Amino acid sequence: MYEQYYGFVQPPFTLTPDPRFLYRSESHEEAITLLQQAIRRKEGFIVLTGDIGTGKTTSCRALLEQLDASVFTSLILNPFLSVEELLREVLLDFGVVSREGVRTGRIATASKHELISTLHEFLLSLMPIHGSAVLIIDEAQHLTPQVLEQIRIISNLETNEQKLLQIVLVGQLNLLDVLAAAEMRQLDQRISIRATLKPLNREEVEAYIAHRLWVARGSTAVTFEPTALDRMHAYTAGVPRIINLLCDRSLMQSAQMRVNRLTPAIIEEAAASLGLRLPEKGRQKKKKKAAVAPATAPTRVRVAGMAALVLALLVVAGLWFTPVDQLIDVGLPAPPPSPVYQPRYATGPKPIPRGDLLLPPPVTAPPPANPRTAAP
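Residues numbered from 1 in each chain as written. Predicted model: local features only at pLDDT ≥ 70, side-chain atom pairs only at ≥ 80, totals over all residues. Heavy atoms only, no water.

Caption draft 1: Spatial organisation of the sheet that holds strand 4 (residues 165-171). Strand order in the open sheet formed by five strands is 2-3-4-1-5, with parallel pairing between adjacent strands. Only two strands of the sheet have a single neighbouring strand rather than two, namely strand 2 (71-76) and strand 5 (191-197). Across the sheet, the axes of successive neighbouring strands diverge by a mean angle of 15 degrees, strand direction being ignored. Of the strands in this sheet, strand 1 (45-50), strand 3 (132-137), strand 4 and strand 5 are in contact with helix 2 (residues 26-41), which crosses strand 5 at around 160 degrees. (Pairing = 2+ DSSP bridges. Helix = DSSP H or I, 4+ residues; strand = E, 2+ residues; numbered from the N terminus. Axes fitted to C-alpha atoms, helices over the stretch in contact; angles between N-to-C directions. Contact = heavy atoms within 4.5 Å.)

Caption draft 2: Helix 4 (residues 83-94), seen in detail. Between its first and last C-alpha, helix 4 extends 17 Å over twelve residues, near the 16 Å set by a 1.5 Å rise per residue. Within helix 4, the full set of buried residues consists of Val83, Leu86, Leu87, Arg88, Val90, Leu91, Leu92 and Phe94. Looking at the packing, one finds that the buried side of helix 4 touches strand 2, helix 5 (99-104), helix 6 (112-125), strand 3, helix 7 (145-154) and strand 4. Of the residues one or two after helix 4, Gly95 is the one with positive phi, at around 85 degrees. (Expected span 1.5 Å × (residues − 1). Buried < 20%, exposed > 50% of the residue type's maximum accessible area, 1.4 Å probe, protein only.)

Caption draft 3: Expanded view of the pattern of salt bridges. Tallied over the entire structure, the rule returns eleven salt bridges. Here Glu149 and Arg152 are joined by a salt bridge, their closest N and O atoms 2.4 Å apart. Linking Glu149 with Arg152, this pair stays in helix 7, spanning three residues, or about one helical turn. A relative accessible area of 27% places Glu149 in the partly exposed class. One salt bridge connects Arg202 with Asp230, and the closest N-O pair in it is separated by 2.5 Å. With Arg202 in helix 10 (residues 202-216) and Asp230 in helix 11 (residues 226-236), this pair connects stretches of sequence that are 28 residues apart. You can call Asp230 partly exposed: its relative accessible area is 38%. In the salt-bridge network here, residues are joined through shared partners; they are Arg202, Glu206 and Asp230. (Salt bridge = Lys/Arg side-chain N within 4 Å of Asp/Glu carboxyl O.)

Caption draft 4: Spatial organisation of the side chain of Gln166. Counting through the fold element by element, Gln166 comes out in strand 4. The exposure class assigned to Gln166 is buried, which follows from its relative accessible area of 1%. Setting aside its immediate chain neighbours within four residues, Gln166 contacts Ala38, Ile39, Lys42, Glu43, Gly44, Ala133, Val134 and Leu135.

Caption draft 5: Highlighting the side chain of Lys56. As for its placement among the helices and strands, Lys56 is situated in helix 3 (residues 56-66). Buried charged residue Lys56 carries no salt bridge. Nearest counter-charge: Glu139, at 5.6 Å. Each residue touching Lys56, except ones within four places of it in the same chain, is listed here: Leu48, Thr49, Gly50, Asp51, Val170, Gly171, Gln172 and Leu197. (Lys, Arg positive; Asp, Glu negative; His and termini not counted.)

Caption draft 6: Geometry of the nonpolar core. Within the largest apolar cluster, 40 residues are counted, with the highest numbers of intra-cluster contacts made by Leu119, Leu123, Leu143, Ile151, Leu165 and Leu169. Among the secondary structure elements, those contributing two or more residues to this core are strand 1, helix 4, helix 6, strand 3, helix 7, strand 4 and helix 8 (174-179). In terms of residue count, helix 4 provides more of this core than any other element does, seven residues in total. Look past the residues within four positions of Leu169 in its chain and what remains in contact with it is Phe45, Ile46, Val47, Leu48, Ile137, Ala140, Leu143, Leu175 and Leu179. Ranked by size, the runner-up nonpolar core spans 26 residues in total, among them Tyr208, Ile209, Phe224 and Ala270. (Core = buried A, V, L, I, M, F, W, Y, C linked by side-chain atoms within 4.5 Å.)

Caption draft 7: Highlighting the packing of aromatic side chains. For the structure shown, the criterion picks out six aromatic pairs. With a centroid separation of 6.4 Å and an interplanar angle of 80 degrees, the aromatic rings of Tyr23 and Tyr208 are classed as edge-to-face. With Tyr23 in the loop between helix 1 (2-6) and helix 2 and Tyr208 in helix 10, the pair connects residues that are 185 residues apart, well separated along the chain. Assessed through its relative accessible area of 5%, Tyr208 is described here as buried. Ring centres 5.3 Å apart and planes at 25 degrees place the aromatic pair Phe94 and Phe122 in the stacked group. Residue Phe94 is found in helix 4, and its partner Phe122 is found in helix 6; the two are separated by 28 residues along the sequence. In this structure Phe94 comes out as buried when scored by relative accessible area, which is 4%. (Phe/Tyr/Trp six-rings, centres within 6.5 Å; stacked < 30°, edge-to-face > 60°.)

Caption draft 8: Representation of the pairing of strand 1 within the structure. Across the six residues of strand 1, six count as buried, placing the element largely inside the fold. With burial as the criterion, each face of strand 1 is covered, one bearing Phe45, Val47 and Thr49 and the other bearing Ile46, Leu48 and Gly50. Inspection of the sheet shows strand 1 paired to strand 4 by five bridges, in the parallel sense. What sits directly across from Thr49, in strand 4, is Gly171. Where strand 1 meets strand 5, six bridges bridge the pair, whose relative direction is parallel.

Here it is in structure tokens:
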């Protein structure tokens, strides 16, 4: 057995509703908190629903452990009871009658009226000691309309200030449909608190497994690869009961292989042995991933060839419909630019002399005489 190989004190993934193994996910914590508050405030009718295997019974047992000694409790696990049988079981759980009295005593032949009167007297006796009573009925979706109607009548046991009995109906999601029926309208209107347990998401699945391994206290470390946890969530859809089954079978195989780290292959083999299959979405994603690799290269080649063909057709069409004179450039070339002026001498043009030395000097007229200075 893998418990001995890994050194577990107790099986970590047992299917029994042990409150120690309850992992309080977000929805579980919210539901238990609502139930505690409703019982403390004496709300009357409370409904807890959830899908199959989400931990409703375990949550109820955890709730019972958190109630103090002044609260008398009755947990009915068998919903296939008559009205008289249900009342006897409630009185037996509350300690009003003994098991022997239920079998052979006067209570065994008591009428429904006598049983309700006995229950009422017991509830009234709790008031001086500030006690309270809670009735929890599991699998309530299987209760007959007659029993549900009797439960509604029992809820009328009250004083002017408070309810004497708190009733918690626990069942699957179709319990809401049962209560929504026209003949159950009087009961449905008395429900003050409705809580729902939801499956675990991927992160909560990892925390759930780690929590149960920690409670079992194995002497050898056991780990799950991240991809193995992905497969675990895919196969179980986050339902705790299926997680327990798959983890239990996976640990059996890993112990036979003498490994402490669980791989996706181990999860796949364990799921196959349990007959678990991936949901339709998961199988489609898996097929797409397997088909994308071989089909990618031919597809790309096909697309590239079609693009090249379309481009060639466009070029041919352009050449066919464009006039030839527009395709030939008959313009003259542009004239070359004018040369840049360069001086003859390095220092610039030589200056022209004022006169030519080979010619006689030019004759100039004498200046006119000043009449003031001329002789008489």
